[in-house]
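Architecture and fold: a report
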Amino acid sequence: MGRKYIKWTVLIIAVALLLIPAYRYYGSIDWSKKHSARISELPLLQETDDTGEFRLQINDFEFLVRVAGLQNEGPAVILLHGFPESSIMWTDLLKEAAQEGYRVVAFDQRGYSPGARPKGIENYHIDALTHDVLEVANRFDFDTFHMVGHDWGAVVSWNMAMEYPERLHSLTALAIPHIGVFFDAILNHPEQQKRSGYMKKLQKPFLPEYTFIANQQKFFKQMMAENPKDYLEEYIALQAEYGAATATINWYRALDLEHIVSQKIYSKTINRPTLFIWGSEDLVIAPAIIPQQKALISAPYKEVVLPTGHGLIQTEKDTVISEILLHFKAK
């Protein structure tokens, strides 16, 4: 009788250890897909549209785009968000740049737009993300444009400047320095190795999704708490849908740093006017690696350091927007 009792007790404990985490995760997913439903009700972008939120169909994908001043006559601008945000982060820059006469587009990138969420890690390589930018630019008939990116958006922006310099008026990168320098430092610079330790954790299977989603996204909400309420609500709704966290985290999983660094794949020299803005309190970037990028920029280069962390436009919005607009005008 005692042995049977022990066996049943062990079995119950084992089942509980499986069911409780499963409940914490699957019970926190928004199965109703409120974010997707909201986007599906947006109109498809038309040639006569000027400002607002729209759906943009490109080949098999449908992106959420936020646009402003499309009927202006000034230069074009494309804005790329970082991880784990969305194009809503550019709301104020969209407005202010449009008021200055620019034609501005910010879009939820691959994995973030529900209609552009392919399965498979191979679909989230940097080159695929860069190709999406080209497709969006072509759809808007932007032969040339100013490129602005934050965090992962900066990674894609650096690659755009390397591979398609003829398409860019200028480059603005927020938080992430030249990716040839940055990727090499992740492998070879002790301080940057330490600061980028989270990247290896994000490359693990399932655990990152569980951390973000479980317990009604408690960890995610804490991580993104500095954002404005409406921004945070969108980020929560986006990530809460089944498959969304996997798609956005796949940007990290598709990153083969050993191959990239050994082959110097993203180490080309930038020949477009470049603005780099970073925060002195940023825990992601080792300050010592930043000066190294100057050797890979042959065009006019300006660096702005602000007394803040990684979320530059959240905490130093006025200064960041002012510097970006000045950079556009300098070109």
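Predicted model, so just to flag it, every value in this text is computed and none were measured.

When helices and strands are tallied, the protein shows 14 helices and eight strands. Its C-alpha radius of gyration of 21 Å places the protein within 12% of the 20 Å reference for a compact globule of 331 residues. Oriented by its inertia axes, the alpha-carbon framework of the protein measures out at about 85 × 50 × 35 Å. Counting over 331 residues, the protein shows a buried share of 54%. The long-range fraction of contacts in the protein, counting pairs at least 24 apart against all pairs at least 6 apart in sequence, stands at 74%. Carbon and sulfur atoms form 55% of the exposed surface of the protein, whose accessible area is close to 15,400 Å². Distance between charge centres in the protein, computed from 33 positive and 39 negative side chains, equals 10 Å.

Turning next to the layout of surface pockets. Counted as a void, the largest pocket has a volume near 740 Å³. Taken together, 29 residues form the lining of the largest pocket, with Phe83, Pro84, Met223, Val284 and His310 sitting closest to its centre. Looking at the lining of the largest pocket, the element that brings in the most residues is helix 9 (residues 207-223), giving six residues. When the residues that make up the lining of the largest pocket are grouped by side-chain class, the tally is 13 nonpolar, nine polar and seven charged.

Okay, empty space enclosed by the protein next. All told, the structure shown has two cavities of 30 Å³ or more when counted by the stated rule. Taken as a whole, the largest cavity spans an internal volume of roughly 70 Å³. In terms of lining residues, the largest cavity is bounded by Asp151, Trp152, Val155, Ile176, Phe182, Phe183, Tyr198, Met199, Tyr252 and Leu255. Of all the secondary structure elements, the ones that give two or more residues to the lining of the largest cavity are helix 5 (152-163), helix 6 (179-188) and helix 8 (197-202). When its volume is computed, the second largest cavity comes out at roughly 40 Å³. Residue lining of the second largest cavity: Tyr25, Ile29, Glu209, Ile213, Gln239, Ala240, Glu241, Tyr242, Gly243, Ala244, Ala245 and Thr246, and that is the complete set. When residues of the lining of the second largest cavity are traced back to their parent elements, those giving at least two are helix 9, helix 10 (229-240) and helix 11 (244-253). Ranked by the residues each element gives to the lining of the second largest cavity, the list is headed by helix 11, at three residues. By residue class, the composition of the lining of the second largest cavity is seven nonpolar, three polar and two charged.

All told, the structure shown has 20 aromatic pairs when counted by the stated rule. Ring geometry for Tyr25 and Tyr210: centres 6.2 Å apart, planes at 25 degrees, overall stacked. In this pair, Tyr25 is assigned in helix 1 (residues 2-26) and Tyr210 in helix 9, connecting sequence segments 185 residues apart. Ring centres 5.4 Å apart and planes at 90 degrees place the aromatic pair Trp152 and Trp251 in the edge-to-face group. Taken as a pair, Trp152 in helix 5 and Trp251 in helix 11 lie far apart in primary sequence, 99 residues in all. Taken together, Phe83, Tyr112, Trp152, Tyr198, Phe212, Phe219, Phe220, Trp251 and Tyr252 form an aromatic cluster joined through their ring pairs.

Moving on, we come to the packing of helix 3 (residues 91-99) against helix 14 (residues 317-330). For the pair helix 3 and helix 14, the least separation of the axes is 11 Å and the interaxial angle reads 40 degrees. On the basis of their axis angle, the class for helix 3 and helix 14 is oblique. Handedness of the crossing formed by helix 3 with helix 14: right-handed. Touching Asp92, Leu93, Glu96 and Ala97 of helix 3 are Lys317, Ile321, Ile324 and Leu325, all from helix 14. Class assignment for the residues of the contact of helix 3 with helix 14 results in five nonpolar, no polar and three charged.

Criteria and thresholds
Residues numbered from 1 in each chain as written. Predicted model: local features only at pLDDT ≥ 70, side-chain atom pairs only at ≥ 80, totals over all residues. Heavy atoms only, no water. Helix = DSSP H or I, 4+ residues; strand = E, 2+ residues; numbered from the N terminus. Rg over C-alpha atoms; globule rule 2.2 N^0.38 Å. Buried < 20%, exposed > 50% of the residue type's maximum accessible area, 1.4 Å probe, protein only. Contact = heavy atoms within 4.5 Å. Areas by Shrake-Rupley, 256 points an atom, 1.4 Å probe, with all protein chains shown as cover. Lys, Arg positive; Asp, Glu negative; His and termini not counted. Charge placed at Lys NZ, Arg CZ, Asp CG, Glu CD. 1 Å grid on protein atoms, 1.4 Å probe; cavity = no way out; pocket = protein on both sides within 12 Å on 5 of 7 lines; lining within 4 Å. Points joined across faces, edges and corners; volume = space filled by probe spheres on them. Nonpolar A, V, L, I, M, F, W, Y, C, P; charged D, E, K, R; others polar. Phe/Tyr/Trp six-rings, centres within 6.5 Å; stacked < 30°, edge-to-face > 60°. Axes fitted to C-alpha atoms, helices over the stretch in contact; angles between N-to-C directions. Parallel < 35°, antiparallel > 145°, perpendicular 65-115°, else oblique. Left-handed = near helix turned anticlockwise from the far one by under 90°.

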